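Structural characterization, general
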Amino acid sequence: MKKLMKRSLALILTLAFICSGFSVCAVEVNGKQHLDYGSYVLLGDSVASGWSDVEDRGNTSFHRIEGSYGALLADDLQVKEYHPMACIGFRTVEMRYIFEEDYEPDRFIFKSIEDEIMEEKMPLMREAVKNADLITLNIGGNDWGSYVGWHIEEAVAEMSGTENFVEKALEYLEGTVNFSVETIETLVGMADLFKCVPELVQILPGALSEGFSRYLENWNYMIEDIYALNPDVTLVVIGMFDTALQDETMKDSENAGISLPSADIGINIGQTIVDLANIPMRDGAEKYGYIFVEPVGTLCEKQHPSYDGHRHIADMILEALPDAAFPYTDIEKGTKEYSVAQKLYNKGFMYGVSDTEFAPDAALTKGGLADVLYAVAGAPETDSAPSDTASPSAAWTAEKGIMTVDENGNFSAGSEVSYFEFAKIMFRFAQTDLSGIKGFIKGISLFFSVIIQNIFNISGAISRIDAATYIVNYCGI
């Protein structure tokens, strides 16, 4: 009887163990298996908080706002705990002040929220970050945006001889929640209308330079603060985006009845700043291993995403998050190599050498590279094929002159690719993938990057993971 009980107990425990193994799996969203994120923390500024330019959504700071990308993501991933910790006006300055005991902020600290509220929220934010499984971080615009606005607001109030401009500018700034690229362009347009561009130009460069320099200085410290509290968290950084792509339903909206001229002086301020702002975010992803999402194509009301824009950001985050079904066990989780391999796997661009092995250190073969480039190009149709293979990827890359065949028409798919050969192939691929000068610039930039970084091993075989890293950077994923 005792033996029977022992066997029964063992069977029950075994079944419980097996079942528990399956329950750890994840949530399926749009056919993709996601990890089980028990606790999700939303960090960021007014964009992350769900602030709207055209409707009253109440106090969005530290609140769940339905339809915002944070709330959408929390629902899609079925998280158990959602902590909306985004706040209007937040910068990297505020983040460092919250996470570091000895950080000295500037005079604009918590300008958009009462100190008493932040005294209550700061310990809650640190605790939430410490216990989070997933964190999304969307911040940076206010470092150069609102900072410049606050700086200009102070300076404009002291300007003399330009009373009409000062009156209109202060009236406009008073109703501006989030100082952005469009705000700068509007102020320049106002200054042009009232013939005081020189006065404004004296203010803008210094304010922009100071705000942007502080942003660049703070970025890595802020990321390290987060990882110091929670080394194992999945961190997703959402990049800056140009707000010029507006939802059709928002284009007729008026701005509080004020006629606001825009600058027409041949300077694309917006895209220039967005590109610069995303550099440390992108570099940080390579340095620290977090996930970087650049939400190109986000529809906006004016300065903030519309509901469709928030859905777009949430979908891009879902696409970038790790796939719970990622099968390769020979790359350590949490490493940059794991992130690179997973990105290409998720896109369907690059797979392992077996069902469970990615073989990151193995030499990349010519056939393997052809498969990747063919997938990146969207698997286009082709009519011809080398004599030694029926592979459509080999056929297409040979047909386009991206890769070569020998005098007998053989592709030699199993031959290893050197760093120098890889650089040449990627240069030719870029010109096929992108038209005109864009393809040349992108191709030549990658060519020299590969050559310079591997100058002492230029004839050596490029590893699969090195090639994967270059291709991830090329694709911007």
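The paragraphs below set out a description of the structure included in this document.

Conventions we followed
- The residue count restarts for each chain, going from 1 along the sequence in the order it is written.
- The model is predicted, so local features are restricted to residues of pLDDT at least 70 and side-chain atom pairs to those at 80 or more, both for listing and for counting; the totals for chains, interfaces and linings are taken over all residues.
- To obtain the side-chain values, all non-hydrogen atoms of the structure were used and water was disregarded.
- For the purposes of this entry, the term helix denotes a DSSP run of H or I that reaches at least four residues, the term strand denotes a run of E that reaches at least two, and both are numbered from the N terminus.
- Buried means the residue's accessible area, taken with a 1.4 Å probe over protein chains only, is under 20% of the maximum for its type, while exposed means over 50%, and partly exposed covers the values in between.
- Pairing between strands is defined by DSSP: at least two bridges between them are needed.
- Here an angle of 0 to 180 degrees is reported between the N-to-C directions of two axes, which are lines fitted to C-alpha atoms, with helices fitted over the stretch in contact.
- Any two residues whose heavy atoms approach within 4.5 Å are treated as being in contact.
- Between 30 and 60 degrees the pair is tilted, below 30 it is stacked and above 60 it is edge-to-face, where a pair is any two Phe, Tyr or Trp rings, Trp via its six-membered ring, whose centres lie within 6.5 Å.
- We call a set of buried residues a nonpolar core when its members are Ala, Val, Leu, Ile, Met, Phe, Trp, Tyr or Cys and they connect through side-chain atoms within 4.5 Å of each other.
- The labels follow the angle: roughly parallel below 35 degrees, roughly antiparallel above 145, roughly perpendicular from 65 to 115, and oblique for the rest.
- Two helices that cross are described as forming a left-handed crossing if the nearer one is turned anticlockwise from the farther one by less than a right angle, and a right-handed crossing if clockwise.
- Any residue that is not Ala, Val, Leu, Ile, Met, Phe, Trp, Tyr, Cys, Pro, Asp, Glu, Lys or Arg is counted as polar, Gly included; the first ten are nonpolar and the last four charged.
- For a helix, the expected span equals 1.5 Å multiplied by the number of residues minus one.
- Salt bridges are counted wherever a side-chain nitrogen of Lys or Arg sits within 4 Å of a carboxyl oxygen of Asp or Glu.
- Residues qualify for a patch when their relative accessible area is over 30% and they have no salt bridge, like charges being joined within 9 Å and the nonpolar side chains of Val, Leu, Ile, Met, Phe, Trp and Tyr within 5 Å.
- Per-residue accessibility takes into account occlusion by the displayed protein chains alone, with areas from the Shrake-Rupley method and a 1.4 Å probe.
- All tallies of charge rest on Lys and Arg as positive and Asp and Glu as negative; His and the ends of each chain are not included.
- Note on charges: their place is set at NZ of Lys, CZ of Arg, CG of Asp or CD of Glu.
- Nitrogen and oxygen atoms within 3.5 Å of one another constitute a polar contact, given that in protein one can donate a hydrogen and the other can accept it, and given that sequence-neighbouring residues count only through two side-chain atoms.

Section: unusual backbone geometry
- With phi around 55 degrees, phenylalanine 110 is a residue other than glycine that occupies positive phi space.
- One can find phenylalanine 110 in the loop between helix H4 (92-99) and helix H5 (115-130).
- According to the relative accessible area criterion, phenylalanine 110 is buried, its value standing at 8%.
- Backbone geometry at alanine 359 places phi at a positive 55 degrees, although glycine is not the residue there.

Things to note about the sheet that holds strand E5 (residues 134-138)
- With parallel pairing, the five strands of this open sheet are ordered in space as E4-E3-E5-E6-E7. Looking at which strands have only one partner, the edges of the open sheet turn out to be strand E4 (81-86) and strand E7 (291-293). Between one strand axis and the next, the sheet turns by 15 degrees as a mean value, whatever way the strands run.
- The sheet contacts of helix H11 (residues 307-320) involve E5, strand E6 (234-238) and E7, and relative to E7 the element is tilted by about 150 degrees.

Digging into the packing of aromatic side chains
- What the rule picks out here adds up to 20 aromatic pairs.
- Each ring, one from phenylalanine 422 and one from tyrosine 470, has its centre 5.9 Å from the other, and the planes form 40 degrees; the classification is tilted. Residue phenylalanine 422 is found in helix H15 (residues 419-433), and its partner tyrosine 470 is found in helix H17 (residues 464-475); the two are separated by 48 residues along the sequence.
- On the basis of relative accessibility, which here comes to 0%, the residue phenylalanine 422 falls in the buried class.

Quick look at the nonpolar core
- Counting residues in each nonpolar core, the largest one holds 44 residues, and the members touching the most others are Leu369 and Phe422.
- Elements supplying a minimum of two residues to this core: helix H12 (336-347), helix H13 (366-376), helix H14 (392-399), H15, helix H16 (436-453) and H17.
- When near neighbours in sequence (up to four residues on either side) are disregarded, leucine 369 contacts Leu364, Met403, Val417, Phe422, Ile425 and Ile471.
- Counting residues in hydrophobic clusters, the runner-up holds 40 residues, among them Ala128, Tyr215, Ile223 and Tyr290.

Thoughts on the packing of H13 against H15
- Two elements in contact, H13 and H15, have axes separated by 12 Å at closest approach and are oriented at 20 degrees. Of the possible angle classes, the one that applies to H13 and H15 is roughly parallel. The two elements H13 and H15 meet at a crossing, and its hand is right-handed. Seen from H13, the contacting residues are Leu369, Leu373 and Val376; seen from H15, they are Phe422, Ile425, Met426 and Phe429.
- Of the residues belonging to the contact of H13 with H15, the class tally is seven nonpolar, no polar and no charged.

Notes on H12
- Taking 1.5 Å as the rise per residue, H12 with 12 residues should run 16 Å; its terminal C-alpha atoms sit 17 Å apart, in good agreement.
- Buried within H12 we find Tyr338, Ser339, Val340, Ala341, Gln342, Lys343, Leu344 and Tyr345.
- Buried residues in H12 make contact with H17.

Remarks on the pattern of salt bridges
- Under the defined criterion, the tally for this structure stands at 14 salt bridges.
- A salt bridge links aspartate 76 to arginine 311, with the shortest nitrogen-to-oxygen separation between them at 2.6 Å. Note that aspartate 76 is positioned in helix H3 (residues 69-76) and arginine 311 in helix H11, a separation of 235 residues in sequence.
- Arginine 311 gets classed as partly exposed once you look at its relative accessible area, which sits at 27%.
- As a salt-bridge pair, aspartate 106 and arginine 91 come within 2.7 Å of each other at their nearest N and O atoms. Residue aspartate 106 is found in the loop between H4 and H5, and its partner arginine 91 is found in the loop between E4 and H4; the two are separated by 15 residues along the sequence. Arginine 91 shares its class with aspartate 106; the two are buried.
- Residues participating in the shared-partner salt-bridge network are Arg91, Glu94, Asp106, Glu210 and Arg214.

With respect to a negative patch on the surface
- Together, Glu114, Asp115, Glu116 and Glu119 make up a region of like negative charge exposed at the surface.
- With respect to the helices, strands and loops of the structure, glutamate 116 is situated in helix H5.

Some points on H11
- Taking 1.5 Å per residue, 14 residues should reach 20 Å; H11 reaches 20 Å between its end C-alpha atoms and fits that length.
- All of the buried residues along H11 are Gly309, His310, Ile313, Ala314, Ile317 and Leu318.

Overview of the packing of H3 against H11
- For the pair H3 and H11, the least separation of the axes is 8 Å and the interaxial angle reads 45 degrees. Classified by the interaxial angle, the pair formed by H3 and H11 is oblique. Two packed elements cross with a definite hand, and for H3 against H11 that hand is right-handed. Contact residues: Tyr69, Leu72, Leu73 and Asp76 in H3; His310, Arg311, Ile313, Ala314, Ile317 and Leu318 in H11.
- Its residues assigned to classes, the contact of H3 with H11 comprises seven nonpolar, one polar and two charged.

Side note on the side chain of threonine 136
- Locating threonine 136 in the fold gives a position in strand E5.
- Looking at threonine 136, its side chain comes within polar contact range of the side chain of tyrosine 40, at 2.8 Å.
- When sequence neighbours within four positions are dropped, the list of residues in contact with threonine 136 reads Tyr40, Val41, Leu42, Leu43, Tyr69, Leu73, Val236, Ile238 and Ile317.

Notes on the pairing of E6
- Within E6, five of the five residues are buried, which leaves it mostly tucked inside the rest of the structure.
- Across three bridges, E6 lies against E7 in parallel orientation. Along E7, the bridge assignment pairs valine 237 with phenylalanine 292.

Here's the deal with a nonpolar patch on the surface
- On the surface, Ile437, Phe440 and Ile441 cluster together into a nonpolar patch covering about 300 Å² of accessible area.
- Relative to the helices and strands, isoleucine 437 resides in helix H16.
- Accessibility expressed as a relative area gives 57% for isoleucine 437, which makes it exposed.

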